[in-house]
Amino acid sequence: MSPSGRLPDVTVRLRAKRRIEARHPWIFADDVAASNAAAHGDLVRVRDAAGTVLGVAFWSARSKIALRMVSLEDVVPDEAFWAARVDEALARRGTEIARWTARRLVFGEGDGVPGLVADIYGTHLVIQVLTAGTERVVNHVLAALRERVAVDSVLARNDPSVRTLEGLTREVRQLSGTTPEAVVVDEGGVRYAADPWRGQKTGAFLDQRENRVACRAYGRGRVLDAFSYHASFALHAARNAAEVVVVDASAEALVRGRANAERNGATNLTFVEANAFEDLRARERRGERFDLVMLDPPAFAKSRGDVPAARRGYKEINLRALRLLAPGGVLVTSSCSYNLDEPSFEGLLRESAADAGRDAVVVERRGQASDHPVRLAFPEGRYLKCFVLRDATGAP
Ligand code: SAH
């Protein structure tokens, strides 16, 4: 942005104009007609072929997503603009949200701050900047957050691989204060340690928080938590279960899981380091049965091209999990692949059940935690799907 506040112009084709008018925040490179003097990461003014201003966006000269819309007004976003976005994000979450030690304050496009994630663990703020445009304005957003939220330290977990696509370096950097290696999070009475420096995402999977708490009610008898990471689903279910088998392929995740079990005085968890695909198959062969199975695999479909293979993966684990259910048992199954939408995931679960020779009732259709807001105009923002199915094979 020049000091006079003038922004470079980017002209888009008709299809993009329609998308922008429908409030979709992403415009792909194919729909850009001319980018004039825009440099990678610039805030730009978006115009249609006739020169009418459609709004303001971050410009990426490298990503397939060329424009990330910031506003549909003809504005020059300044400090006050970003502070207003932070106010809106905090207001959207309400005051009730403060009952969670760990929560998301800013969720990218869902909060009108494309490419930025800001999570708070107690008083420790952890951010992820995913685009070159966001990098240029992040200090304004941070300043606004610090004025409104109690913050003792700020850590930039800028290590996701998507940064490479934007030509950004991958790094983890202390921006202020001292972020501890472990922050103990209270999640509805279950305590777990988040590791902002080395843990997954910004230290934990905050998006599953409400689903984990919901699982407590389904805990009984024998429980299996596959793709468990640090046993956070398991710990909730363990409150009401006799035994919980915790399976993850990562030894490090299981070390964290054991420490979390100790932290909660839980002695009914068994930890198994294994590939969940093989583990589920072996248990099925042995005729094991569980009253509750929880599946929370990583995103199998990271891109559209992965979808066919991802579908096979999801189908296989869900089929095995359904076969492991005791009569009337419950399966809590998640997918965080945004390339696989909810109807597709539900269809796939239906196929898995048919192939498994099982019938089930859909008890709940759940999604990501409420501090990961989904815009109606931006379905891609709803990436986490979570179904609660109850076995009904023997029922009339
Ligand atoms: N349920 C967890 C998050 C799980 S993240 C929570 O709510 O906190 C996905 C986990 O799957 C990671 O811990 C990863 O180590 C594990 N994983 C990935 N591939 C796996 C495989 N083939 N078998 C078992 N675990 C796997």
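A quick note: this is a predicted structure, and the numbers were derived from the prediction, not measured.

Draft legend 1. Representation of the overall build of the chain in the model. Within the chain, the secondary structure is distributed over 10 helices and 20 strands. Taking 2.2 N^0.38 as the reference for a compact globule, 396 residues should give roughly 21 Å; the C-alpha atoms of the chain span a radius of gyration of 23 Å, in line with that estimate. Per-residue burial over the chain gives 55% buried out of 396 residues. Carbon together with sulfur atoms contributes 50% to the accessible area of the chain, which is approximately 16,800 Å² in total.

Draft legend 2. Local environment of the sheet that holds strand β1 (residues 9-12). Strand order in this open sheet of six strands is β2-β6-β5-β4-β1-β3, and the pairing throughout is mixed. Of all the strands in the sheet, the pair left with one neighbour each is β2 (26-28) and β3 (32-34). Across the sheet, the axes of successive neighbouring strands diverge by a mean angle of 40°, strand direction being ignored. Looking at chain direction, strand β5 (residues 53-59) and strand β6 (residues 65-71) are connected through four bridges and run antiparallel. Note on β6: the bridge partner recorded for V56 is S71.

Draft legend 3. Region of the structure containing the layout of surface pockets. The calculated volume of the second largest pocket comes to roughly 380 Å³. In terms of lining, the second largest pocket is formed by 18 residues, of which the most central are R23, V70, L72, G112 and R375. Every element with two or more residues in the lining of the second largest pocket is listed here: β6 and α2 (79-93). Counting residues per element, the lining of the second largest pocket draws most heavily on β6, which supplies three residues.

Draft legend 4. The arrangement of the pairing of strand β16 (residues 269-273) in detail. Here strand β15 (residues 243-248) pairs with β16 via five bridges, running parallel. Looking at β16, one finds that V245 is bridged to T270. At this point the chain moves from β15, through helix α7 (residues 251-263), to the parallel β16, and the crossover so formed is right-handed.

Draft legend 5. Main features of the pairing of strand β18 (residues 325-335). With nine of 11 residues buried, β18 lies mostly within the body of the structure. As paired elements, strand β17 (residues 290-295) and β18 share five bridges and run parallel to each other. Bridged to V293 within β18 is L331. Regarding the hand of the β-α-β motif, the stretch spanning β17, helix α9 (residues 307-324) and β18 is right-handed. In terms of strand pairing, β18 meets strand β20 (residues 385-391) through six bridges, oriented antiparallel. Across the sheet, V330 pairs through a bridge with R390, a residue of β20.

Draft legend 6. Expanded view of the nonpolar core. Membership of the largest hydrophobic core comes to 29 residues, with the highest contact counts inside it found for L224, V293, L295, L331 and F345. Every element with two or more residues in this core is listed here: β14 (222-226), β15, α8 (276-285), β17, α9, β18, α10 (342-356) and β20. Considering each element in turn, this core owes the most residues, eight residues, to α9. By size, the runner-up hydrophobic cluster in this structure holds 28 residues, among which are L43, A83, V138 and V154.

Draft legend 7. How the structure looks around the site of the ligand. Near the ligand there are 17 residues, and of these R212, S232, D248, A276 and D296 occur at the shortest range. Between the ligand and S232 there is a distance of 2.8 Å, counted from an oxygen atom to a side-chain nitrogen or oxygen. Between a nitrogen atom of the ligand and a side-chain N or O atom of D296, the distance comes to 2.7 Å. Within the complex, the protein chains bury 88% of what would otherwise be the 590 Å² of accessible surface of the ligand. For the shell around the ligand, the residue count by class is eight nonpolar, six polar and three charged.

Draft legend 8. Structural detail: the sheet that holds β15. Taken in spatial order, the seven strands of this open sheet run β16-β15-β14-β17-β18-β20-β19, and their pairing is mixed. In this open sheet, the two strands that pair with only one neighbour each are β16 and β19 (360-367). Ignoring which end each strand starts from, the neighbouring axes of this sheet average 15° apart. Sheet topology places β14 next to β15; five bridges connect them, and they run parallel. Bridge pairing in β15 places R222 opposite E243. Taken strand by strand, α7 contacts β15 and β16, and its axis lies near 170° from that of β16. Contacts from α9 reach β14, β17 and β18 within the one sheet, and its direction differs from that of β18 by about 155°.

Draft legend 9. Molecular detail of the pattern of salt bridges. Taken as a whole, this structure holds 42 salt bridges when the rule is applied. Ionic pairing is found between E147 and R148, a salt bridge with its closest N-O pair at 3.5 Å. Judged by its relative accessible area of 65%, E147 falls in the exposed class. You can call R148 partly exposed: its relative accessible area is 32%. A salt bridge links D195 to R256, with the shortest nitrogen-to-oxygen separation between them at 3.4 Å.

Draft legend 10. Molecular detail of empty space enclosed by the protein. Enumeration over the complete set of coordinates arrives at one cavity of 30 Å³ or more. Approximately 40 Å³ is the volume attributed to the largest cavity. As for the largest cavity, its lining consists of F58, W59, S60, I65, A66, R68, T131, G133 and E166. Taken together, the elements giving at least two residues each to the lining of the largest cavity come down to β5 and β6. Of the residues forming the lining of the largest cavity, the biggest block, three residues, is contributed by β6.

Conventions and cut-offs
- Residues numbered from 1 in each chain as written.
- Predicted model: local features only at pLDDT ≥ 70, side-chain atom pairs only at ≥ 80, totals over all residues.
- Heavy atoms only, no water.
- Helix = DSSP H or I, 4+ residues; strand = E, 2+ residues; numbered from the N terminus.
- Rg over C-alpha atoms; globule rule 2.2 N^0.38 Å.
- Buried < 20%, exposed > 50% of the residue type's maximum accessible area, 1.4 Å probe, protein only.
- Areas by Shrake-Rupley, 256 points an atom, 1.4 Å probe, with all protein chains shown as cover.
- Pairing = 2+ DSSP bridges.
- Axes fitted to C-alpha atoms, helices over the stretch in contact; angles between N-to-C directions.
- 1 Å grid on protein atoms, 1.4 Å probe; cavity = no way out; pocket = protein on both sides within 12 Å on 5 of 7 lines; lining within 4 Å.
- Points joined across faces, edges and corners; volume = space filled by probe spheres on them.
- Right-handed = clockwise from strand over helix to strand, strands pointing away.
- Core = buried A, V, L, I, M, F, W, Y, C linked by side-chain atoms within 4.5 Å.
- Near = heavy atom within 4 Å.
- Polar contact = N/O pair within 3.5 Å; in protein donor to acceptor, adjacent residues only side chain to side chain.
- Nonpolar A, V, L, I, M, F, W, Y, C, P; charged D, E, K, R; others polar.
- Contact = heavy atoms within 4.5 Å.
- Salt bridge = Lys/Arg side-chain N within 4 Å of Asp/Glu carboxyl O.

Interpretation in functional terms is not warranted from these geometric data alone.
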